[in-house]
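# Chains, contacts and geometry: an overview
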Amino acid sequence: HVGNVGDSRAVVGQCVMDGKAIQWKAHALTTDNKADSPDEQERIELSGGTVMPMEGCAGEDAGPARVWDSPAREKPGLAVSRSLGDGAGRALGVIAEPVITTYPLQPMDRF
């Protein structure tokens, strides 16, 4: 079992035979908890948060979607929807509950 919050991604290193050559591959076990993922964004918006990217120099949207306290994009600007210990985000729907993933190990999984 793997639990993750925020942008902490768990991977497993796999040794795969490609013909006669050995190939190493990273297989993702989890996905990042992004603010604009549909379920995450819904929870944030129902809690009073706003999900929008930062505002660039010319007023354009810049970078990944972030959690804000209002469309004015003043604070907190958190780029993840789940975080440990983020007090400002907690009131806006950012939670510390990890996403739990179960992955049965395979013979090719090495580390």
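Residues numbered from 1 in each chain as written. Predicted model: local features only at pLDDT ≥ 70, side-chain atom pairs only at ≥ 80, totals over all residues. Heavy atoms only, no water.

### Points about the overall build of the protein chain
For the protein chain, the count of helices and strands is 2 helices and 7 strands. Ordering the α and β elements of the protein chain from the N terminus gives β-β-β-α-β-β-β-α-β. Here the C-alpha atoms of the protein chain give a radius of gyration of 18 Å, more than 25% beyond the 13 Å that 2.2 N^0.38 yields for 111 residues. When the backbone C-alpha atoms are referred to their principal axes, the protein chain occupies close to 55 × 35 × 20 Å. Burial status across the protein chain gives 32% buried among its 111 residues. Residue pairs in contact within the protein chain that sit at least 24 positions apart in sequence constitute 42% of those at least 6 positions apart. Considering the protein chain, the positive charge centre built from 11 side chains and the negative charge centre built from 16 side chains are found 8 Å apart. (Helix = DSSP H or I, 4+ residues; strand = E, 2+ residues; numbered from the N terminus. Rg over C-alpha atoms; globule rule 2.2 N^0.38 Å. Buried < 20%, exposed > 50% of the residue type's maximum accessible area, 1.4 Å probe, protein only. Contact = heavy atoms within 4.5 Å. Lys, Arg positive; Asp, Glu negative; His and termini not counted. Charge placed at Lys NZ, Arg CZ, Asp CG, Glu CD.)

### Here we look at the nonpolar core
Grouped together as the largest cluster of nonpolar side chains are 9 residues: Ala35, Ile44, Val51, Ala65, Val67, Leu78, Val80, Leu92 and Val94. If we ignore the near neighbours within four places in the chain, the residues touching Leu92 are Ile44, Ser47, Gly48, Gly49, Val67, Trp68, Asp69 and Pro76. (Core = buried A, V, L, I, M, F, W, Y, C linked by side-chain atoms within 4.5 Å.)

### Regarding the environment of Ala26
Structurally, Ala26 can be placed in strand β3 (residues 21–28). Put simply, Ala26 and Val11 are 15 residues apart on the chain and 6.1 Å apart in space, counted from C-alpha to C-alpha.

### A look at the confidence of the model for the protein chain
In this model, the protein chain carries an average pLDDT of 93, and 100% of its residues clear a pLDDT of 70 or more. Here helix α2 (residues 87–90) is the element of the protein chain with the lowest mean pLDDT, 89, and helix α1 (residues 38–46) is the one with the highest, 97. (pLDDT = per-residue confidence, 0-100.)

### Here we look at the environment of Lys34
Structurally, Lys34 is set in the loop between β3 and α1. Here Lys34 falls in the partly exposed class, since its relative accessible area comes to 43%. Not counting residues within four places of it along the chain, the set of residues in contact with Lys34 comprises Glu40 and Ser81.

### Re the environment of Asp109
One can find Asp109 in the segment after β7 (99–101). Measuring from C-alpha to C-alpha, the distance between Asp109 and Gln14 comes to 4.4 Å, with 95 residues separating the pair along the chain. Of the polar contacts made by the side chain of Asp109, one reaches the side chain of Gln14; its length is 2.9 Å. (Polar contact = N/O pair within 3.5 Å; in protein donor to acceptor, adjacent residues only side chain to side chain.)

### What to know about unusual backbone geometry
Note that the residue after Lys75, namely Pro76, is joined by a cis bond; omega there is -10 degrees. Positionally, Pro76 belongs in strand β6 (residues 76–78). Positive phi, close to 55 degrees, is recorded for Arg73, a residue that is not glycine. As for its placement among the helices and strands, Arg73 is situated in the loop between β5 (61–68) and β6.

### Things to note about the pairing of strand β4 (residues 50–55)
Both β4 and β5 contribute to a ladder of 6 bridges, which runs antiparallel. Its bridge partner lying in β5, Thr50 is registered against Trp68. Between β4 and β5, which pair antiparallel and follow one another directly, the connecting turn spans 5 residues, one of which, Gly59, has a positive phi of 85 degrees. (Pairing = 2+ DSSP bridges.)

### A closer look at a nonpolar patch on the surface
Side chains of Met17, Ile22, Trp24 and Phe111 sit close together on the surface and give an oily, nonpolar patch of about 530 Å² of accessible area. Inspection of the secondary structure assignment puts Trp24 in strand β3. (Patch = residues over 30% accessible without salt bridge, like charges linked within 9 Å, V, L, I, M, F, W, Y side chains within 5 Å. Areas by Shrake-Rupley, 256 points an atom, 1.4 Å probe, with all protein chains shown as cover. Salt bridge = Lys/Arg side-chain N within 4 Å of Asp/Glu carboxyl O.)

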